[in-house]
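# Descriptive structure summary
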Amino acid sequence: EDQVTQSPEALRLQEGESSSLNCSYTVSGLRGLFWYRQDPGKGPEFLFTLYSAGEEKEKERLKATLTKKESFLHITAPKPEDSATYLCAVNSGGDYKLSFGAGTTVTVRA
Amino acid sequence: SAVISQKPSRDICQRGTSLTIQCQVDSQVTMMFWYRQQPGQSLTLIATANQGSEATYESGFVIDKFPISRPNLTFSTLTVSNMSPEDSSIYLCSVHPTGNTEAFFGQGTRLTVV
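On a predicted model such as this, the values are computed, not experimentally measured, just so you know.

About the cut-offs
Residues numbered from 1 in each chain as written. Chains lettered and ligands numbered in written order. Predicted model: local features only at pLDDT ≥ 70, side-chain atom pairs only at ≥ 80, totals over all residues. Heavy atoms only, no water. Pairing = 2+ DSSP bridges. Helix = DSSP H or I, 4+ residues; strand = E, 2+ residues; numbered from the N terminus. Axes fitted to C-alpha atoms, helices over the stretch in contact; angles between N-to-C directions. Contact = heavy atoms within 4.5 Å. Buried area = accessible area lost by both parts, 1.4 Å probe. Salt bridge = Lys/Arg side-chain N within 4 Å of Asp/Glu carboxyl O. Polar contact = N/O pair within 3.5 Å; in protein donor to acceptor, adjacent residues only side chain to side chain. Nonpolar A, V, L, I, M, F, W, Y, C, P; charged D, E, K, R; others polar.

This paragraph deals with the sheet that holds strand E3 (residues 19-25) of chain B. As a general point, the strands of a sheet are linked pairwise by backbone hydrogen bonds and lie either parallel or antiparallel. Residues and elements named next belong to chain B. As summarised here, the arrangement of the four strands in space is E1-E3-E8-E7, forming an open sheet in which the pairing is antiparallel. Strands with a single pairing partner mark the edges of an open sheet, and in this sheet they are strand E1 (4-7) and strand E7 (68-72). Mean inter-strand twist for the sheet, computed between neighbouring axes without regard to direction, equals 15°. As paired strands, E3 and strand E8 (residues 75-80) are joined by six bridges and run antiparallel to one another.

Set out below in structure tokens:
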């Protein structure tokens, strides 16, 4: 059974204070690791897909990296609009089912 | 990507009743899923909605409690039956457009059972 653990549960940052979120995973064979952003009252919004160790992807102030055991989501110089819950998910079969972590809630203060 | 519309966006229901949630996609998709997000928790897969056949349920979820319909490639419904307060959650529809490995989600249905 796939397992996904995210840390920390919550992260409070000052505007401009860079930080990283962690996603540790245990799967039988990784088909893809996904990062989503979820705002209150909304469905998850897709950010990145990572497939193999060493892969990196960037989007604005966000950068996702992947190793064989974990993924990091780096937030560089965050702004208040980056405040959200960030979810990590994995897929290990060819069936597109996702196993999610509990998420990290990020609050960025101006 | 795909645009997914869910209805209703929220509802408050009496225990013992049932609620049907609709999910409409703006393009034909093969893979469609229903997830539950309980208060303060992450998403848990309920079932895979298969077009033209019965849904495939995950461990802990049964068809009598969560019947699913998938009449075509753009539409699905999830019914939450004989509701109890423990069913209070956000229910989310998700699709994998053909050629995409990533999933896209609807806005969710926030259900409160009183």
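A separate point is the interface of chain B and chain A. Opposite the 20 residues of chain B that make contact, chain A presents 18 residues. For the pairing of chain B and chain A, the buried interface totals around 1600 Å² over both sides, and the portion due to carbon and sulfur atoms is 57%. Linking chain B to chain A there are one salt bridge. Where chain B packs against chain A, one counts seven residue pairs in polar contact (both at pLDDT 80 or more). At the level of secondary structure, the elements contributing two or more residues to the side of chain B that touches chain A comprise strand E4 (31-37), strand E5 (43-49), strand E9 (89-96) and strand E10 (104-105) of chain B. Taken together, the residues of the side of chain B that touches chain A sort by class into nine nonpolar, eight polar and three charged.

By themselves, these are just geometric observations and shouldn't be taken as functional.
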